[in-house]
Amino acid sequence: MLRNHGAGPAGFQPGGAMARELRFATANSYNAESHTVEGVFAAGSPVRRYGFVETLNMDPAAIDLSRVAQGQCKLLDSHNAFEIDAILGVVEIASIQNGQLVGRIRFAETDAGRKAEGMVARGELTGFSIGYSIQRWVNVSQEDTGVEEWRADAWTLLEVTLCAVPADPAATVRAAATSGPELPAHQTTQEDDMTRSAAAAAAPAAETPNPAPQAPETRAAPPAAPMPAPAQAVETEARTAAAPAAMTPAQTVVLLERAEFYGQRKLAERMLRDNAGEAEIVAAVQAAFRAEPNENGRIGGPRAQIGRDETETRRQGMEDALSIHLGENAQPSEPARRYMESRYLFEFAAEAIGHRGRLFETRDREDVLRRAFHSTSDFPILLENALNRALRARYAVAEPTYRRIAQQRTYADFRDHISVRDGDFPQLKEVKESGELQGGTFSESKEKTAVKAYGVRVGFTRQLLINDNLGAIQRVLNSRATAVARFEDETFYAMMLSASGAGPTLLETSRAVFNTTDKTLAASGSAIDNASLGAGRAAMRKRKTKDGTFIATAPAILLVGPDKETEAQSVLSPLFAAQASNVPLFANSLALIVSPQIVGKAWYLFADITAGANFEWGLLEGYNAPRMRLDEPFGMQGISVSLEHDFGCGAIDFRFGYQDPGA
């Protein structure tokens, strides 16, 4: 007696494209004049899929070969149906002989076709792989085996592929003037070592990390009626009902993961085989969980854990995978692994809108992108989030020089912000015998800085979105992150070098940051040497807080422009000097920073920013990097994207720097 669980294995969708591989034996049937070779495309051998064994019905009435008659059954390179260069030839004829699907292929007169032809002629390629879609299953499992066996009773040959590591030993390239071998009465089950090109059965994430879209087929005529069951299957009760509606493999995987979370995976698998819908399975799993006693013997509800539903899990997995492809340096999350093989933006768009057809033509890809941007799908948000994550990752590794001499702060809004500096805290005072603490006051700074909004509009062209494999978009993000860091550098130094290099005027002193009155500016210019560096260090050590307390801060950074770089390097070089006056006294105490924004001979000393700084910079609260925003939906010229950034900088003190005009 045969068991019957429905119209197909769990998660099966009619028309889904699948693949199986078949071994060459020799290349004796190769004809150099006609550029053809004959072979066995399929033998119907049992192939182990996830959770069941698959066989193909090799009766002529069960196989739709209409694509061969129309010249639309191509010989492909590795099941690649997206690129013209992947077409290696065409299947000229195909038929059933001795229970096998045999045929002849003709190689294309292209570089790729000639290369494949040569490898077949020399015996370097060892097998075929066929791509096919299954329209109807029949469960032919035996009661005593414990393993479900499903037979494809109506299937369509879509394409033939050359492969190097086949799985089915029953098929061979025919030797000249010979016929195919007879099949044994009982074939052994072979392990399936390839992935399906589209969804056909449910599998865990590790088995089907990224199910590809299924192929829509236009057949020349309705398929022939299925052949009668073999003699040994006459007494079976196999039934063929409709497959579960509109559940993708990814949704099936997530559904099984949710069921496993509640300890009800077997229940979900059984209901999938019985053709139950998604909502029905979820309700049954939750009801079964609530009905089971917990570890303490009490009836318990769902555990106090917060989880994502399958839609959120899918969306998050796609966003993670897309972010990594665009340049984010991170390991893919478990939901992201099933999308890591996608390389084109239109593939993510197709997944987002649930498109299951193969995207052969540019028009199809453009249509998918347009639907993804204009429909109610979350693809625009997903793409925007992925762009910003990748942009943040690139921006985080940028190192503009101004950050070495300015302290960072966060701006709560766009209004002026007052800075309370180190050293403004009141000094400790002696505690009298009575134990009373004397009061002190802050010397509040009057300096104010603010953040400003900046932005520019950039475009992702229609050609880039359709044709590119995310590489060009990644290069755009890299260049934009670098450009933003360069913009910050230019903005900061324009502020610092304002007023002919004297810097902004401070409210505290009504003088510029660098001036001779506060001894932050050398009276005359000097070359960089031990004497001039010593003068600058002495000036910085003598600085006092607003309350009159010595800060005693030594310089830690020597900032110069390109014109002074070599001179600074020679002074800070740790090499032994023959004369005492040339001993590099500051070699181990000053770090050299060179900025092209410093023009001319001037050079600067600055304290380490942990001790204090004359300048500060910051971003708007909640935004730690520039961001991109999709301005317009997908149109004839692509999409418009705004690059926005909120950045502020300004002067807050004069005590932690020193300028020498240079000589």
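Bear in mind that the values here come from a model prediction, so they are computed numbers and not experimental data.

1. Looking at the overall build of the protein chain
Here is step 1: Counting secondary structure elements, the protein chain contains 14 helices and 24 strands.
Here is step 2: Across the 663 residues in the protein chain, those meeting the buried criterion constitute 49%.
Here is step 3: Taking contacts inside the protein chain between residues at least 6 apart in sequence as the whole, the part at least 24 apart equals 76%.

2. Considering the side chain of D653
Here is step 1: Locating D653 in the fold gives a position in the loop between β23 (639-651) and β24 (657-660).
Here is step 2: Looking at D653, its side chain comes within polar contact range of the side chain of R655, at 2.7 Å.

3. Details of the pairing of strand β8 (residues 87-97)
Here is step 1: By the bridge criterion, three bridges tie strand β7 (residues 74-77) to β8 in an arrangement that is antiparallel. Within the sheet, the bridge partner assigned to K74 lies in β8 and is V90.
Here is step 2: The turn linking β8 back onto strand β9 (residues 100-107) is made up of two residues, and N98 within it adopts a positive phi angle of 55 degrees.

4. Quick word on the nonpolar core
Here is step 1: Within the largest apolar cluster, 68 residues are counted, with the highest numbers of intra-cluster contacts made by F379, F492, M496 and F615.
Here is step 2: The element contributing the most residues to this core is helix α12 (residues 471-496), with nine residues.
Here is step 3: Once residues within four sequence positions are removed from consideration, F492 is found in contact with Y402, I405, A406, F615 and C649.
Here is step 4: Core analysis: the next-biggest nonpolar cluster, separate from the first, contains 30 residues, I63, L101, F107 and A152 among them.

5. With respect to the packing of aromatic side chains
Here is step 1: Under the criterion given, the structure shown has 16 aromatic pairs.
Here is step 2: With a centroid separation of 6.5 Å and an interplanar angle of 70 degrees, the aromatic rings of F514 and F606 are classed as edge-to-face. Of this pair, F514 sits in the loop between α12 and α13 (530-541) while F606 is found in strand β20 (residues 603-606), placing the two residues 92 residues apart along the sequence.
Here is step 3: Residue classification places F606 among the buried residues on the basis of a relative accessible area of 1%.
Here is step 4: Seen from their ring centres, F514 and F615 are 6.5 Å apart, and the 50 degrees between their planes marks the pair as tilted. Of this pair, F514 sits in the loop between α12 and α13 while F615 sits in strand β21 (residues 615-620), and the two are 101 residues apart along the sequence. Assigned by exposure class, F514 and F615 land together as buried.
Here is step 5: It is R409 that lies over the ring of Y411; its NZ or CZ is 5.2 Å from the centre.
Here is step 6: If you follow R627 out to its NZ or CZ, it ends over the ring of Y623, 4.0 Å from the centre.

6. Here's the deal with the sheet that holds β20
Here is step 1: Spatial strand order, β19-β18-β20-β24: four strands in an open sheet with mixed pairing. With one partner strand each, in any of the chains shown, β19 (591-594) and β24 form the two edges of the open sheet. Between one strand and the next, the sheet's axes are offset by a mean angle of 20 degrees, whatever the strand orientation.
Here is step 2: One ladder, built from four bridges, connects strand β18 (residues 557-560) with β19; its direction is parallel. By the bridge assignment, L559 is partnered in β19 with I593.

7. Re the confidence of the model for the protein chain
Here is step 1: Here the protein chain shows a mean pLDDT of 76. Residues at 70 or above account for 72%.
Here is step 2: Under a pLDDT of 50 for its full length, residues 294-308 has, in the predicted model, 21 contacts with residues more than four places off or in other chains.

8. Remarks on helix α2 (residues 111-121)
Here is step 1: Along α2, the positions that sit buried rather than exposed are G113, A116, E117, G118 and V120.
Here is step 2: Packed against the buried residues of α2 are β3 (36-42), β8, β9 and β12 (149-163).
Here is step 3: Where α2 ends, the next residue or the one after it, G123, has phi of about 75 degrees, a positive value.

9. Here we look at the environment of V120
Here is step 1: Tracing the sequence through the fold places V120 in helix α2.
Here is step 2: A sequence separation of 42 residues divides V120 from L162, and the C-alpha atoms of the two residues are 9.1 Å apart.

10. Some points on the pattern of salt bridges
Here is step 1: Applying the stated criterion to the full structure yields 25 salt bridges.
Here is step 2: With a closest N to O distance of 2.7 Å, E508 and R655 form a salt bridge. Remark: R655 occurs in the loop between β23 and β24 and E508 occurs in the loop between α12 and α13; sequence separation between them is 147 residues.
Here is step 3: Classification of E508 as partly exposed rests on a relative accessible area of 22%.
Here is step 4: What you see here is one network of salt bridges that share partners, running through R315, E319, D320, E328 and R389.

11. With respect to the environment of I84
Here is step 1: Relative to the assigned elements, I84 resides in the loop between β7 and β8.
Here is step 2: On the basis of relative accessible area, I84 is assigned to the exposed category, the value being 73%.
Here is step 3: Along the chain, I84 and E361 lie 277 residues apart, while their C-alpha atoms are 9.9 Å from each other.

12. Brief notes about the pairing of β12
Here is step 1: The buried fraction of β12 amounts to 14 of the 15 residues, a majority that puts the element mostly inside the structure.
Here is step 2: As defined by bridge partners, strand β5 (residues 52-56) adjoins β12 across four bridges and the pair is classed as parallel. Residue pairing across strands places T55 opposite R151, the latter belonging to β12.
Here is step 3: Alignment of β7 against β12, held across three bridges, turns out to be parallel. If you follow L76 over to β12, its bridge partner there is T161.
Here is step 4: Where strand β10 (residues 127-139) lies against β12, 12 bridges are found, and the strand directions are antiparallel. Across the sheet, residue F128 finds its bridge partner in β12, namely L162.

Basis of the calculations
Per-chain numbering applies: the sequence of each chain, read as written, is numbered from 1 onward. Given that the model is predicted, a residue must reach a pLDDT of at least 70 before its local features are reported, and side-chain atom pairs must reach 80 or more before they are shown or counted; all residues, however, enter totals for whole chains, interfaces and linings. To get the side-chain values, take all heavy atoms of the structure and skip hydrogens and water. A run of H or I in DSSP counts as a helix once it spans at least four residues, and a run of E counts as a strand once it spans at least two, with each numbered from the N terminus. With a 1.4 Å probe rolled over the protein chains alone, any residue whose accessible area is under 20% of its type maximum counts as buried; one over 50% counts as exposed, and the rest are partly exposed. Pairs of residues are marked as contacts when any of their non-hydrogen atoms sit within 4.5 Å. The term polar contact refers here to a pair of N or O atoms within 3.5 Å; inside protein, the definition further demands a hydrogen-donor-capable atom paired with an acceptor-capable atom, and it admits residues adjacent in sequence only when both atoms are side-chain atoms. DSSP calls a pair of strands paired once it identifies at least 2 bridges connecting them. Side-chain atoms within 4.5 Å link the members of a nonpolar core, which is a set of buried Ala, Val, Leu, Ile, Met, Phe, Trp, Tyr and Cys residues. Only Phe, Tyr and Trp rings take part, Trp by its six-membered ring, and two of them pair if their centres are within 6.5 Å. Stacked means planes under 30 degrees apart, edge-to-face means over 60, and tilted covers everything else. By definition, being over a ring means that NZ of Lys or CZ of Arg is both within 6 Å of the ring centre and within 35 degrees of the ring normal. Every axis corresponds to a line fitted to the C-alpha atoms, with the helix fit spanning only the stretch in contact, and the corresponding angles, defined between N-to-C directions, vary from 0 to 180 degrees. Per-residue confidence from the predictor is reported as pLDDT, a score between 0 and 100. Throughout this description, the term salt bridge denotes a Lys or Arg side-chain nitrogen within 4 Å of a carboxyl oxygen of Asp or Glu.

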